[in-house]
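Structural characterization, general
Spelled out, the chains give:
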Amino acid sequence: LTKVMEDFVMKRATADEHLSPSKKFHALLKIILATGKEKQAFFLLSKLEETFLKSKRSPELEGTQFYAEVQPHHYAVFVEYFTLSKDRFPKSMHSNLERSVDKLVERIETHGVPYNSVLLTKLLIFYRDFNNFNKCFEIINQVMKEKLVKQLVTDSGHTRFYNRRDVTRPLYVEMWRA
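Rules and cut-offs
- Residues numbered from 1 in each chain as written.
- Predicted model: local features only at pLDDT ≥ 70, side-chain atom pairs only at ≥ 80, totals over all residues.
- Heavy atoms only, no water.
- Helix = DSSP H or I, 4+ residues; strand = E, 2+ residues; numbered from the N terminus.
- Expected span 1.5 Å × (residues − 1).
- Buried < 20%, exposed > 50% of the residue type's maximum accessible area, 1.4 Å probe, protein only.
- Arc of directions from axis to C-beta.
- Salt bridge = Lys/Arg side-chain N within 4 Å of Asp/Glu carboxyl O.
- Phe/Tyr/Trp six-rings, centres within 6.5 Å; stacked < 30°, edge-to-face > 60°.
- Lys NZ or Arg CZ within 6 Å of the ring centre and 35° of its normal.

1. Details of helix α2 (residues 21-34)
Since there are 3.6 residues in each turn of an α-helix, residues three or four apart along the chain are aligned in direction. Compared with the 20 Å implied by 1.5 Å per residue over 14 residues, the 20 Å span of α2 between its first and last C-alpha is a close match. Taken as a whole, α2 has its buried residues at Ser22, Phe25, Leu29, Ile32 and Leu33. Along the axis of α2, the buried residues cluster in a sector spanning 90 degrees; they form a single face. Facing away from the buried surface of α2 by more than 90 degrees, the exposed residues are Lys23 and Ala34. Phi turns positive, to about 80 degrees, at Gly36, one or two residues after α2.

Structure below.
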């Protein structure tokens, strides 16, 4: 199985030259997590984070390193994985999944990776599925606050919490579901 996966990943990575390195690593993370190799996926994530930090310190390194810089959608893969894991574990293990997502959010904050709509949507889905509406409301309130600030001050630039131009439809849908 490992050999088949390696062949698939190598062929896919070389065949899709139009894909950015970030998207290739995104696909690789999905494959690794789909095979249940959480530890290896976190190792790869740490490499992407290291690259991000190196590029932050030395902007001339951006895009020139073997590993891509970590992006919010890399973290979203993990949140989705933990959401889907809910059905595989008994209820007594759900608090472990919530702790895992909390640690992931902590990593995002520590590394200064800006949130995007994909990550926020995945977080809302996770917290809603685990009936943690306080976390949902925290996210919704912060997104709406940032959107309001942006509308009031047009030249304010991007904010640290939600570094995007618009709140996307999937994010709005999850906000309303929560």
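So much for the structure itself; the text now carries on.
2. Here's the deal with the pattern of salt bridges
Summed over the entire model, instances satisfying the criterion amount to five salt bridges. Here Asp129 ties to Arg128 by a salt bridge, and the two come within 3.6 Å at their closest N and O atoms.

3. Considerations on the packing of aromatic side chains
In this structure the tally under the stated criterion is six aromatic pairs. Centroid distance Phe42 to Phe78: 4.5 Å. Interplanar angle 35 degrees. Geometry classified as tilted. Here the residue Phe42 occupies a position in helix α3 (residues 38-57), and Phe78 occupies one in helix α4 (residues 72-85), the gap between them amounting to 36 residues. Overall, Phe78 belongs to the buried group, its relative accessible area being 0%. The interplanar angle of 75 degrees and the centroid separation of 5.4 Å between the aromatic rings of Phe126 and Tyr127 together place this pair among those described as edge-to-face. Feature note: the residues Phe42, Phe78, Tyr81 and Phe82 constitute an aromatic cluster, connected by ring pairs. When the ring centre of Phe130 is taken as reference, the NZ or CZ atom of Lys86 above it lies at 5.5 Å.

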